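# Per-entry structural report
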Amino acid sequence: MLMPFNARILLDSISPARIRLTTMEVRYPRFIHSELMTHRNFSRNAASSRAIPIRKMIDAVRSDPAMPLWWGRNQTGMQAREEIDAPTRALAEAEWKRALDDALAHAERLSSSDINLHKQLVNRILEPFAWITVIVTASEWANFFTQRTHEDAQPELKHIADLMLQAYRESMPRSLELGEWHTPLIQPDEEVRLSQDERLQISVARCARVSYLSHDGTRDHAKDIELYERLVGGGANGHWSPFEHVATPLRDASKWSGNFRGWEQYRKRFAQEHASTFPDEAPIAASR
């Protein structure tokens, strides 16, 4: 049975200069996450294992462990072009599950009252068997799709890249005018009843959380604004990456703002407007 890889468009926009900006939510095995992180044109935020309660992490990994899609036979080179036969695959799957059971047992003991180790350490043991949900925003997708949908890509990565490419091709971007904003995870009713500043701040907070719901599973604007203010409160040492998913069209399609072409990231706009408050962040705004 195919495991629950998933790719869906959260928001797809196109500027007057015809530059497309797309935000996706993707879910894939944690063990391939480092491969997606190599694509520097992506702005990313991921659900952190440091933030997940130990019991929730243990239960999730036990009930829905990440498993390989392709059980390749060992050979020279980076690609396993031949899969092991069915009887050997059964042995490999059993061994993988024994490793999972060992990791779960260690996590249980480390989190017990005798040791009571923090989740930022306990959950790391479970990461090879966990899924991860990531928000990705980019104006430049061609290199990723070309490289990661190729037959030489690791099968699990190729599978999620294929799903992402399919979602990208099937999506119809909405047109935004100069002065309008790409705000992922803002719901349709909120587009109407919230001010622009509220939408910008709430979108940032939800991208940081990788969900439009608060941590207790409800839609709560006050908690969203509170999280946004905590992100800002760190100043130059704060958490700035969620600000990158929110962007507004640039008149010049050739101009870059961070890793976006033809779009100005809210991170850059905010840094410029608050340069006296966050001087260490301001030079970033002038990059590229």
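As shown above, the structure is provided for reference.
Here is a short report on the structure shown in this document. For clarity, every value in this text was computed on a predicted model and none was experimentally measured. (Residues numbered from 1 in each chain as written. Predicted model: local features only at pLDDT ≥ 70, side-chain atom pairs only at ≥ 80, totals over all residues. Heavy atoms only, no water.)

Turning next to the overall build of the protein chain. Check the secondary structure of the protein chain and you find eleven helices and nine strands. In terms of C-alpha radius of gyration, the protein chain reaches 21 Å, essentially the compact-globule figure of 19 Å for 288 residues. In terms of overall dimensions, the protein chain has C-alpha extents of about 60 × 50 × 35 Å along its principal axes. For the protein chain, with 288 residues in total, the buried portion stands at 43%. Carbon together with sulfur atoms contributes 50% to the accessible area of the protein chain, which is approximately 14,900 Å² in total. (Helix = DSSP H or I, 4+ residues; strand = E, 2+ residues; numbered from the N terminus. Rg over C-alpha atoms; globule rule 2.2 N^0.38 Å. Buried < 20%, exposed > 50% of the residue type's maximum accessible area, 1.4 Å probe, protein only. Areas by Shrake-Rupley, 256 points an atom, 1.4 Å probe, with all protein chains shown as cover.)

Attention now moves to the packing of aromatic side chains. Here the distance between the centres and the angle between the planes together describe a pair of aromatic rings. The tally for this structure, following the rule as stated, stands at 18 aromatic pairs. Plain terms: the ring middles of phenylalanine 31 and tryptophan 96 are 6.0 Å apart, the flat faces sit at 70° to each other, and that makes the pair edge-to-face. Here tryptophan 96 lies in helix 3 (residues 86-111) and phenylalanine 31 lies in the loop between strand 2 (20-29) and helix 1 (33-36), a separation of 65 residues in the sequence. Owing to a relative accessible area of 27%, phenylalanine 31 belongs among the partly exposed residues under this scheme. Since its relative accessible area comes to 25%, tryptophan 96 is described here as partly exposed. In textbook terms, an aromatic cluster arises when at least three aromatic residues are bridged by ring pairs, as seen for Trp181, Tyr228, Trp240, Phe243, Tyr266 and Phe270. A cation sits over an aromatic face here: arginine 20 above tyrosine 168, 3.7 Å from the ring centre. (Phe/Tyr/Trp six-rings, centres within 6.5 Å; stacked < 30°, edge-to-face > 60°. Lys NZ or Arg CZ within 6 Å of the ring centre and 35° of its normal.)

The five strands are arranged 3-4-2-1-5 in an open sheet whose pairing can be described as mixed. Of all the strands in the sheet, just strand 3 (43-46) and strand 5 (174-175) have a single pairing partner and so form its edges. Bridging between strand 3 and strand 4 (residues 131-138) involves four bridges; their strand directions are antiparallel. Bridge pairing in strand 4 links serine 43 to threonine 137. (Pairing = 2+ DSSP bridges.)

Moving on, we get to the pairing of strand 2. When you tally the buried positions in strand 2, you get nine out of ten residues, the bulk of the element. Between strand 1 (residues 6-14) and strand 2, which pair antiparallel and follow one another directly, the connecting turn spans five residues, one of which, arginine 18, has a positive phi of 70°. Bridge analysis of strand 2 against strand 4 gives eight bridges, and the strand direction is antiparallel. Bridge assignment links valine 26 to a residue of strand 4, and that residue is valine 134.

To continue, consider helix 2 (residues 54-63). Those residues of helix 2 not exposed but buried are Ile54, Met57, Ile58 and Val61. Mapping the buried residues of helix 2 onto a view down its axis gives an arc of 100°, with all of them on the same face. When the buried face of helix 2 is taken as reference, the exposed residues oriented beyond 90 degrees from it are Lys56 and Ser63. Looking at the buried residues of helix 2, the elements they touch are helix 3 and helix 4 (119-126). (Arc of directions from axis to C-beta. Contact = heavy atoms within 4.5 Å.)

What follows is about the pattern of salt bridges. Taken as a whole, this structure holds 27 salt bridges when the rule is applied. Arginine 193 serves as the salt-bridge partner of aspartate 189, at 3.1 Å between the closest nitrogen and oxygen. One end of the pair, aspartate 189, and the other, arginine 193, are both in helix 7 (residues 188-193), four residues apart, so they sit about a helical turn from each other. Classification of aspartate 189 as partly exposed rests on a relative accessible area of 32%. Among the residues examined, arginine 193 registers a relative accessible area of 52% and is labelled exposed. With a closest N to O distance of 3.8 Å, arginine 199 and glutamate 191 form a salt bridge. What makes arginine 199 buried here is its relative accessible area of 16%. Given a relative accessible area of 28%, glutamate 191 falls into the partly exposed group. (Salt bridge = Lys/Arg side-chain N within 4 Å of Asp/Glu carboxyl O.)

Below, the discussion takes up the nonpolar core. If you look at the biggest cluster of nonpolar residues, it comprises 23 residues, and the most contacted ones within it are Val26, Tyr28, Trp141, Phe144, Phe145, Ile160 and Met164. For this core, the secondary structure elements donating two or more residues are strand 2, strand 4, helix 5 (142-148) and helix 6 (155-170). By residue number, the principal contributor to this core is helix 6, which donates six residues. Sequence-distant contacts of phenylalanine 144, that is, excluding residues within four places in its chain, are made with Leu36, His39, Phe42, Thr149, Ala161 and Met164. With 13 residues, the next largest nonpolar core counts Trp181, Val204, Tyr228 and Tyr266 among its residues. (Core = buried A, V, L, I, M, F, W, Y, C linked by side-chain atoms within 4.5 Å.)

The values are spatial; any link to function lies outside them.
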